[in-house]
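# What the coordinates show
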Amino acid sequence: ALLIARNKLYQNSQQQGLPINKPVLIIPDGIAHYSIWNSLGWIGIGEENIIRVKTKNFQYDIKCLKKTIKKLKADNTPILSIVAVLGDSYTMSIENIFEIRKICDKHKIWLHGDGANGGVLIFSKQFRNKIKGIHLCDSVSLDPHKGLGLNYPTSLFLCKNTEDFK
């Protein structure tokens, strides 16, 4: 997901590499999955380029998120993506995707839904309503071994626009 977000932000980065002014990734403080910061190293951006935004009740503090984006924009710091946690492994908290989507649309930022834990709720008629708005994410990751009883290495990656896979 973050590789696609990087390639959307820097269309020639696959061939030319990254510019000196590397982008940052915005995650909620204390609840994001470790795979998120690991992947920044894999795609050449680096874990040091993570911005952790304060949370309230294990969700983004929306005022802090808006303030952070405003400061980054004022500093001309490119934003790779905002990660919305869809079922944190410890608290099962789920972000207000509708609110975060509005922010992403306003600033043209990729929205990744980290559904590593709670994304499997989409398969439940009883609990599907808990992750309303998941369809608004540009990309979503799911780990079916955390709720569907599948083998541990089974993971899913979904992308809203199939053209982005190119």
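A few points on the structure. Just so it is clear, the structure is predicted and the values come from calculations on it, not from any experiment.

### A few points about helix α4 (residues 62-74)
Compared with an ideal rise of 1.5 Å per residue, which puts 13 residues at 18 Å, α4 spans 18 Å between its outermost C-alpha atoms and is within 8% of the ideal. Those residues of α4 not exposed but buried are Leu-65, Thr-68, Ile-69 and Leu-72. Relative to the axis of α4, the buried residues are bounded by an arc of 95° and lie together on one face. The exposed set on the far side of α4, more than 90 degrees from its buried face, consists of Lys-63, Lys-67, Lys-70, Lys-71 and Ala-74. Looking at the buried residues of α4, the elements they touch are β1 (24-28), β2 (50-53), β4 (59-60), β5 (79-85) and α5 (97-107). Measuring from the side-chain oxygen of the N-cap residue of α4 to the backbone nitrogen of Lys-63 gives 3.1 Å; that N-cap residue is Asp-61. Asn-76 lies just past α4 and shows a positive phi near 60°.

### Examining unusual backbone geometry
With a phi angle near 65°, Phe-58 is a residue other than glycine that sits in the positive phi range. Residue placement: Phe-58 occurs in the loop between β3 (55-56) and β4. In this model, Lys-108 sits at a positive phi of 55°, which is unusual for a non-glycine residue. Assessed through its relative accessible area of 77%, Lys-108 is described here as exposed.

### Describing the pattern of salt bridges
The final tally for this structure, using the stated rule, is 5 salt bridges. Two residues, Lys-66 and Glu-99, come together in a salt bridge whose shortest N-O distance is 3.9 Å. A residue pair is termed long-range when its members are at least 10 positions apart, and Lys-66 in helix α4 and Glu-99 in helix α5 qualify at 33 residues. The partly exposed category is assigned to Lys-66, whose relative accessible area is 43%. One salt bridge connects Arg-101 with Asp-138, and the closest N-O pair in it is separated by 3.2 Å.

Criteria and cut-off values
- Residues numbered from 1 in each chain as written.
- Predicted model: local features only at pLDDT ≥ 70, side-chain atom pairs only at ≥ 80, totals over all residues.
- Heavy atoms only, no water.
- Helix = DSSP H or I, 4+ residues; strand = E, 2+ residues; numbered from the N terminus.
- Expected span 1.5 Å × (residues − 1).
- Buried < 20%, exposed > 50% of the residue type's maximum accessible area, 1.4 Å probe, protein only.
- Arc of directions from axis to C-beta.
- Contact = heavy atoms within 4.5 Å.
- Polar contact = N/O pair within 3.5 Å; in protein donor to acceptor, adjacent residues only side chain to side chain.
- Salt bridge = Lys/Arg side-chain N within 4 Å of Asp/Glu carboxyl O.

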